[in-house]
Amino acid sequence: MPMFINAANSKGSIARFSAMEKIKVEEIEAEVFRKRIKNIYVTVDSVTGEAVISAPARASVHRLETFLKSQLGWIRKQRAGISVMPRRKKSNFDCGDKIELLGKEYTLVTRAGKKPYGVYAAFENLEMYAPADAKFEYKRNLMDNFYASKLASIIPQIAEKWQERLGIRTESNQLKLIFKIVGDKISGCGKDIAEKNITLGKPLKFVYKRMKSCWGSCNIWKKTITLNTELAKKNIRIIEYITAHELLHLKEIKHNKSFNGCMKTFFQDWKTIEQELKIIDS
Ligand SMILES: [Zn+2]
């Protein structure tokens, strides 16, 4: 999978590897990956929008923040480029608007003043119950909650399927990763990713929330995968793609050759999927 890379010079490095961390400047959060390199550079995943900084082992947090600050414009530009194909105007959640759910189009029917407030699927319609004077943000929240509950109802099954395929197992309240030996069977999937054996000390957690520029993210330390509620608009294949992508980060943090090889092998329709992921409402 192609990736955008931006580099900056930095002073010499010390050979020391440490755990990955996160830094945030303004709205941009980036994961930091320290290794034996001389330069600091940042990559932005061309599909998910995730920003990852690779830095010399002893680069100070202040230096990383200064670097990230200098790259904010560039990162925003890359992320904006990910979503350049608006399909339709963003809905104001008015009665009659077309709303997507799991790759299908529904007509929004608004019903004022009825409790409990929320969104419910009814045949070809999505019915939204909201206060008569509800503003856009309130309605968007109702829709986000609906999307989150939809994702929550399908992700466990999807995650189970892809944990199985990617060789990630959960045992006794722990997520135990047993990596299948798939190096020979899966072309382009390096042995490094196929043969690793890791046991994680925490159960895997999924979080669903509105995100501005990422489809998903994986916090490998907290064992938490966050999915954008907007993903509920896409079809199951695309939801599986993003879920598998984030799950695979539990095995490989970087979008390297092994990572991309593995994804492309499991998703031979990746080009179509990535095209579809560029389409958003605007
Ligand atoms: Zn990723």
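Reading the values: the criteria
- Residues numbered from 1 in each chain as written.
- Predicted model: local features only at pLDDT ≥ 70, side-chain atom pairs only at ≥ 80, totals over all residues.
- Helix = DSSP H or I, 4+ residues; strand = E, 2+ residues; numbered from the N terminus.
- Buried ≥ 20, exposed ≤ 12 C-beta atoms within 10 Å, placed from the backbone.
- Contact = placed C-beta atoms within 7 Å.
- Pairing = 2+ DSSP bridges.
- Axes fitted to C-alpha atoms, helices over the stretch in contact; angles between N-to-C directions.
- Arc of directions from axis to C-beta.
- Core = buried A, V, L, I, M, F, W, Y, C linked by C-beta atoms within 7 Å.
- Expected span 1.5 Å × (residues − 1).
- Parallel < 35°, antiparallel > 145°, perpendicular 65-115°, else oblique.
- Nonpolar A, V, L, I, M, F, W, Y, C, P; charged D, E, K, R; others polar.
- Left-handed = near helix turned anticlockwise from the far one by under 90°.

Enquirer: Sorry if this is basic, but what is going on with the overall build of the protein chain here?
Expert: Per the secondary structure count, the protein chain includes six helices and 17 strands. A burial count over the protein chain gives 28% of its 282 residues as buried. The long-range share in the protein chain, meaning contacts at least 24 apart out of those at least 6 apart in sequence, stands at 57%.

Enquirer: Just checking my understanding: could you explain the pairing of strand β9 (residues 118-122) for this structure?
Expert: In the case of a regular strand, side chains alternate between the two sheet surfaces. Inspection of the sheet shows β9 paired to strand β10 (residues 125-130) by five bridges, in the antiparallel sense. For G118, the partnering residue across the bridge sits in β10 and is Y129. Turn length for the β9-β10 hairpin, with the two strands adjacent in sequence and antiparallel, is two residues, and the turn residue F123 shows positive phi of about 55°.

Enquirer: Looking at this model, I keep getting lost on the sheet that holds β9. Mind explaining?
Expert: Sheet strands associate in pairs through backbone hydrogen bonding, adopting either a parallel or an antiparallel arrangement. Read from one edge to the other, the open sheet built from four strands follows the order β7-β8-β10-β9, with strand pairing classed as mixed. Looking at which strands have only one partner, the edges of the open sheet turn out to be β7 (98-101) and β9. Shown here is a sheet whose adjacent strand axes are inclined to one another by a mean of 35°, direction ignored. With six bridges joining them, strand β8 (residues 104-112) and β10 adopt parallel strand pairing. Its bridge partner being in β10, T110 is matched across the sheet by M128. Packing against the sheet, helix α2 (residues 136-166) makes contact with β7, β9 and β10, and its axis sits at approximately 55° to β9.

Enquirer: Explain the sheet that holds strand β14 (residues 205-209) here, please?
Expert: Spatially, β14-β16-β15 is the arrangement adopted by the three strands of the open sheet, whose pairing is mixed. In this open sheet, the two edge strands, each paired with only one partner strand, are β14 and β15 (216-219). Going from strand to strand, the sheet's axes swing by 20° on average, the running direction of each strand aside. Each of β14 and β16 (224-228) touches α2; the most contacted strand, β14, lies at about 150° to it. With respect to the sheet, helix α4 (residues 236-248) is in contact with β15 and β16, its orientation differing from that of β15 by roughly 20°.

Enquirer: So what exactly am I meant to see when it comes to helix α5 (residues 257-266) here?
Expert: Because the α-helix completes a turn every 3.6 residues, residues three or four places apart line up on one side. Taken as a whole, α5 has its buried residues at S258, F259, C262 and M263. Buried residues of α5 fall within an arc of 130° about the axis and therefore sit on the same side.

Enquirer: Sorry if this is basic, but what is going on with the nonpolar core here?
Expert: Residues L231, I242 and L248 are the most contacted members of the largest nonpolar core, which totals 34 residues. Residue assignment for this core shows that the elements contributing at least two residues are β10, α2, β16, α4, α5 and α6 (270-277). In terms of residue count, the dominant contributor to this core is α4 (seven residues). Non-local contacts of L248, meaning those with residues more than four positions away in its chain, are made with L166, F259, C262 and M263. Judged by nonpolar contacts, the second largest core, of 13 residues, contains V32, I40, L68 and I75.

Enquirer: Honestly, α4 in this entry has me stumped. Any pointers?
Expert: Here α4 spans 18 Å end to end across 13 residues, near enough to the 18 Å set by a 1.5 Å rise per residue. In terms of residue burial, α4 counts as a mostly covered element, since eleven of its 13 residues are buried. Among all positions of α4, only I238, I239, E240, Y241, I242, T243, A244, H245, E246, L247 and L248 are buried.

Enquirer: For this particular structure, what's the right way to read the packing of α4 against α6?
Expert: Packed helices, taken two at a time, are described by the angle their axes make and the gap between the axes. Across the interface, α4 lies against α6 with an axial gap of 10 Å and an inter-helix angle of 95°. Classified by the interaxial angle, the pair formed by α4 and α6 is roughly perpendicular. Here R237, I238 and Y241 of α4 come into contact with α6, specifically with I273, E276 and L277. In terms of residue class, the contact of α4 with α6 is built from four nonpolar, no polar and two charged.

Enquirer: Before we go on, may I ask you to explain the packing of α4 against α5 in this structure?
Expert: Contact pair α4 / α5: the axes reach a minimum separation of 11 Å and the direction vectors enclose 150°. The angle between α4 and α5 falls in the class roughly antiparallel. As α4 packs across α5, the resulting crossing turns out to be right-handed. Across the interface between the two elements, A244, H245 and L248 of α4 pack against F259, C262, M263 and F266 of α5. Within the contact of α4 with α5, the residues separate by chemical class into six nonpolar, one polar and no charged.

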